[in-house]
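Coordinates in review
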Number of protein chains: 2
Amino acid sequence: MKARVIVTLKNGVLDPQGKAIEGALGGLGFSDIGSVRQGKVFDLDLTSTDKAAAEAEVAQMCEKLLANTVIENYVIELL
Amino acid sequence: MKARVIVTLKNGVLDPQGKAIEGALGGLGFSDIGSVRQGKVFDLDLTSTDKAAAEAEVAQMCEKLLANTVIENYVIELL
């Protein structure tokens, strides 16, 4: 079973990397940019075939390693 | 208009960061991991309201800055 985890910064957390990209896009002539925020995506290949068990396990992975839940949100999609 | 861009490594491109995460997850006791690949996600806030124009502009941003199209694929989602 495949799972995709998308980790994004929580609202209110400063994102200097996103700001830098925003500036670079402006410099390239893209003028209608409001804001940019960067996050991470993890594509996991799981040997488990049970959907509920897989989702619970991926949530554990996010809590323990993939996301810093103090400043980041995560969303799990099972494909 | 909001857009989300997901940039992932093409198949066959080595992903040492993903391999490291795979090893770390194994070390934490998650045993049913097949493979992990890491990518990037960009959340863009656009002032444009025309969907087709926005999509074309975001594709240009990907080609010019957000993705290295030699080794990376990108997917654009307009929200």
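Residues numbered from 1 in each chain as written. Chains lettered and ligands numbered in written order. Predicted model: local features only at pLDDT ≥ 70, side-chain atom pairs only at ≥ 80, totals over all residues. Heavy atoms only, no water.

As annotated in an unreviewed UniProt entry, chain A carries the name Phosphoribosylformylglycinamidine synthase subunit PurS and comes from Roseibium algae. Comment text from UniProt for chain A, heading Sequence similarities (unreviewed entry), reads "Belongs to the PurS family." (UniProt positions renumbered as here; feature names shortened; annotations may be inferred.)

This next bit is on the packing of helix 1 (residues 16-27) of chain A against helix 2 (residues 51-66) of chain B. The interhelical angle for the contact between helix 1 of chain A and helix 2 of chain B, taken along N-to-C directions, is 105 degrees, at an axis separation of 11 Å. As judged from the angle between their axes, helix 1 of chain A and helix 2 of chain B are roughly perpendicular. Of the residues in helix 2 of chain B, those in contact with Ile21, Ala24 and Leu25 of chain A of helix 1 of chain A are Met61, Leu65 and Leu66 of chain B. (Axes fitted to C-alpha atoms, helices over the stretch in contact; angles between N-to-C directions. Helix = DSSP H or I, 4+ residues; strand = E, 2+ residues; numbered from the N terminus. Parallel < 35°, antiparallel > 145°, perpendicular 65-115°, else oblique. Contact = heavy atoms within 4.5 Å.)

Looking now at the interface of chain A and chain B. Buried accessible area, meaning the area lost when the parts come together, often serves as the stated size of an interface. Taken residue by residue, the interface counts 33 residues in chain A and 33 residues in chain B. Around 2,800 Å² of area is buried between chain A and chain B when both sides are counted, 64% of it from carbon and sulfur atoms. Counting the contacts that link chain A with chain B gives zero salt bridges. For the pair chain A and chain B, the interface holds 12 residue pairs in polar contact (both at pLDDT 80 or more). Looking at the side of chain A that touches chain B, the elements with two or more residues in it are strand 1 (2-9), helix 1, strand 2 (33-46) and helix 2 (51-66) of chain A. Per-element tally for the side of chain A that touches chain B: the top contributor is strand 2 of chain A, with 14 residues. Classifying every residue of the side of chain A that touches chain B by side-chain character gives 16 nonpolar, nine polar and eight charged. As paired strands, strand 2 of chain A and strand 2 (residues 33-46) of chain B are joined by 13 bridges and run antiparallel to one another. Each residue of the ladder has a partner; that of leucine 44 of chain A, found in strand 2 of chain B, is valine 36 of chain B. (Buried area = accessible area lost by both parts, 1.4 Å probe. Salt bridge = Lys/Arg side-chain N within 4 Å of Asp/Glu carboxyl O. Polar contact = N/O pair within 3.5 Å; in protein donor to acceptor, adjacent residues only side chain to side chain. Nonpolar A, V, L, I, M, F, W, Y, C, P; charged D, E, K, R; others polar. Pairing = 2+ DSSP bridges.)

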